[in-house]
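Structure assessment
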Amino acid sequence: MSTTTETEIPLRQRVAENPQPALIWAAVGAVLIGVELGAILQVVGAVAGVVVNLIPGDPGASAVQSLQAAFDAIPTLVSRDVIPNQGYWNGTGYENTFLGLSPAVAWAIRVVFVYAYAFAVLAWAWNGYKRFRRHYRRVDWTPRDDVVNRFRGHSWGKFGLIIVITFVVMAVFAPALGPTTMEQNILQPYDYEVSYWSEDTQSVETVLVGEANLGSGSQGAGDENVAPMTYDDFGRFHPFGTATNGKDLFTQVVFGARISLTIAVVAMGIAGLIGLGLAMITAYYKGLADLATVLVSDSIQALPVIMVLILMLVIFQNTWVRELYDGAVLIILIFSIVYWPFIWRSIRGPALQVSEQDWIDAAKSFGQTPTQVMRKHMAPYVFSYMLIYASLSLGGIIISVAGLSYLGLGITAPTPEWGRLIANGQQYVASPSWHISLVPGLLITLVVTGLNAFGDGIRDAIDPQADTGDEAAATGGGA
C-alpha cells in the first residue's frame, strides 16, 4: 500500500484544498489587468503588425490594421483620454483638460497615476510570490529564498532595481506619459491642429502642429528657446523643453527609451540563447565542438565591437534590412552576433563544471538523450550565470546604440533615439538650450548605472562567493 507525501501533491490539488489565498490574489490581478486590457491588446496588435511587416508581400496587412484599430478603440484606465492635458486657455479658464486644470498639472497627475499603477502591479506580483511560498509551496525552504533575501539586503542592487523599473515603465507607458502623442508631434505634425489663446486677437485660434513646432524650436536664447517645465507660445506644456525642430523633447525621450530597451533586451535575448545553446553543446561533447566554438568566439572578440558595428551598418546601408523599423532590426541582429561570444565565454566554465557532476552521468545511464540531459539537468544550473552577465551587458548595448545614432549610423529619423538628440543639441550645450543634449545624456548615464547596479545585485545574490567583477565589467562595457 502506497501513500502520497505532502511534497508529492500536485500544485493544482494544493490550491484546491486551500483556494482562498489564490482566489483573492487572482481577483486583484483580474482587476489590475482588466483596466488595462485595451493596452495589452494594443501591444498584441502591434506585435502582429511587426510580424506581418517582416513578411514579403504583406499578407494579411489589412486584417491586422483593422484589428489594431479595434484594439485602439478599447478604453483603458491609464491612458491620455482619462486624464487629458492637451487643452487650451479660452480667456477665463482651461478647456479640454482634466478637471479644467492647467496642462502642466494635468500631465503631472497622469504621470503619478501611471507610476502608481505600475508599482501596484509589481506589488501584486510580489504578493503572489509570497502567497505561493506561504500556502502552496511543497517545502518550507529552497535555495531561491536565500537568493531573494540576499538581494533584499543589497542596497546597491535595490537602487539599480528602482532605476530599471522606472526606465521600463517609461518605455512601456510611453504613449500615456508624453504630454503629446508621437503621431501628432513627431511623425505627422501637419495632419493635426492645436488650439491656443492668441494675445494679439484675444481669442482662441488654431494652427497646424507642424507650424507651431516651427515657432517653438530651441536654438539659443530668448524667443529661440523653450526651456524645461515651460509653455511655448501656443500654450503647449513641455516638461523637458523642445528640441531644435520645436518637437516636444519629453515625448522623444520616452519613445527613445522604448526603442533603446527593445533593442537591448531582444539583442541580448538572442545572444543569450545562442551562448547558452553553444555552452550546453561544448560542455557536453567537448573536444572538437569546444575547439571550433573557441576559434569562432576568439575571432569575433578580437575585433573592436564599435568597429564591427560601424562596418556592418555601412555594408548594409542601402539594403532592405536597413529599412526595417528605421534600422532597429539590423542593429538587433548585429548586436546578437557580436555579443554571443561574451555570453558563451562567461558561462562556459560553469557549464563544463556541471557536465562533470555525478547526476549527469546518472541521467546518461538511465538512457536520457543528450538534448534531455542538456535541457533538464545542465541548463537550469547555468541559466543563473547567464542572467548575471546578460544584465550587466544591457547597459553596454544602450550606450552603443546611442553612440551609433550620435554618429548618424544608428536609428534613423523620424524614430526618436537618445544619441541623435544629443548630436542635434551639441552645439547648444553652452546656451540656454542646454537641455537638448544634457537631458538624454543624463538619462543614458543613469540608466546604464542602474542596469550595472542591478546586475551586481543579482550576481551577489546568486553567488556571493563569486569573484566575477572584472569579467562582468568587461562584458558589460559594450563598445
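Keep in mind the model is a prediction, meaning the values are calculated, not measured. (Residues numbered from 1 in each chain as written. Predicted model: local features only at pLDDT ≥ 70, side-chain atom pairs only at ≥ 80, totals over all residues. Heavy atoms only, no water.)

Along the backbone of the protein chain there are 20 helices and 6 strands. With respect to the principal axes defined by its C-alpha atoms, the protein chain has extents near 90 × 60 × 50 Å. The long-range fraction of contacts in the protein chain, counting pairs at least 24 apart against all pairs at least 6 apart in sequence, stands at 70%. For the protein chain, the exposed surface amounts to about 24100 Å²; the carbon and sulfur share of it is 64%. Where the 26 positive side-chain charges of the protein chain centre and where its 37 negative ones centre are 14 Å apart. (Helix = DSSP H or I, 4+ residues; strand = E, 2+ residues; numbered from the N terminus. Contact = heavy atoms within 4.5 Å. Areas by Shrake-Rupley, 256 points an atom, 1.4 Å probe, with all protein chains shown as cover. Lys, Arg positive; Asp, Glu negative; His and termini not counted. Charge placed at Lys NZ, Arg CZ, Asp CG, Glu CD.)

Moving on to the nonpolar core. Residues Ile263, Met280, Phe335, Met378, Ile397 and Trp418 are the most contacted members of the largest nonpolar core, which totals 95 residues. A total of 18 residues in this core trace back to one element, the largest contributor, which is helix 11 (residues 249–285). Sequence-distant contacts of Met280, that is, excluding residues within four places in its chain, are made with Ala351, Met374, Met378, Ala379 and Val382. By size, the runner-up hydrophobic cluster in this structure holds 6 residues, among which are Tyr196, Val207, Val209 and Ala212. (Core = buried A, V, L, I, M, F, W, Y, C linked by side-chain atoms within 4.5 Å. Buried < 20%, exposed > 50% of the residue type's maximum accessible area, 1.4 Å probe, protein only.)

Right, let's get into the side chain of Ser260. Inspection of the secondary structure assignment puts Ser260 in helix 11. Residue Ser260 is classed as buried on the basis of its relative accessible area, which comes to 1%. Excluding residues that lie within four positions of it along the chain, Ser260 makes contacts with Ile398 and Glu417.

Between helix 17 (residues 370–406) and helix 19 (residues 435–462), the least distance of the axes is 8 Å, while the angle of their chain directions is 170°. Regarding the angle of helix 17 to helix 19, the classification is roughly antiparallel. Between helix 17 and helix 19, the contacting residues are Ser384, Leu387, Ile388, Ser391, Leu392, Leu394, Gly395, Ile398, Ile399 and Ala402 on the first element and Ile444, Val447, Val448, Leu451, Asn452, Gly455, Asp456, Ile458, Arg459 and Ile462 on the second. (Axes fitted to C-alpha atoms, helices over the stretch in contact; angles between N-to-C directions. Parallel < 35°, antiparallel > 145°, perpendicular 65-115°, else oblique.)

The geometry of helix 11 relative to helix 12 (residues 287–301) is characterised by a closest axis approach of 6 Å and an angle of 140° between their N-to-C directions. In this view, helix 11 runs oblique relative to helix 12, as classed from their interaxial angle. Classified by chirality, the crossing of helix 12 by helix 11 is left-handed. On helix 12, the residues that touch Leu278, Ile281, Thr282 and Tyr285 of helix 11 are Gly287, Ala289, Asp290 and Thr293. (Left-handed = near helix turned anticlockwise from the far one by under 90°.)

What follows deals with the pairing of strand 3 (residues 193–198). Consecutive residues of a regular strand have side chains that alternate between opposite faces of the sheet. Bridging between strand 3 and strand 4 (residues 203–208) involves 6 bridges; their strand directions are antiparallel. Bridge pairing in strand 4 links Ser195 to Thr206. Hairpin connection from strand 3 to strand 4: 4 residues lie between these consecutive antiparallel strands, with Gln202 at a positive phi of about 55°. (Pairing = 2+ DSSP bridges.)

A contiguous nonpolar surface patch, about 320 Å² in accessible area, is contributed by Ile33, Leu37, Ile40 and Val44. Topologically, Ile40 is positioned in helix 3 (residues 37–54). (Patch = residues over 30% accessible without salt bridge, like charges linked within 9 Å, V, L, I, M, F, W, Y side chains within 5 Å. Salt bridge = Lys/Arg side-chain N within 4 Å of Asp/Glu carboxyl O.)

A few words on the pattern of salt bridges. Within this structure, the stated rule accounts for 8 salt bridges. The shortest N-O distance in the salt bridge between Arg345 and Asp298 comes to 2.3 Å. Of this pair, Arg345 sits in helix 15 (residues 328–355) while Asp298 sits in helix 12, and the two are 47 residues apart along the sequence. Take Asp298: its relative accessible area is 34%, and that puts it in the partly exposed class. Here Arg459 and Asp456 are joined by a salt bridge, their closest N and O atoms 3.6 Å apart.

A separate point is the confidence of the model for the protein chain. In the predicted model, the protein chain carries a mean pLDDT of 86, and 92% of its residues have values of at least 70. Within the protein chain, strand 6 (residues 237–238) carries the highest mean pLDDT (96), whereas helix 20 (residues 469–476) carries the lowest (42). Scored below 50 in pLDDT, residues 1–6 makes 2 contacts in the model with residues more than four places away or belonging to other chains. The model gives residues 467–479 a pLDDT under 50, and that stretch makes 28 contacts with residues more than four places away or in other chains. (pLDDT = per-residue confidence, 0-100.)

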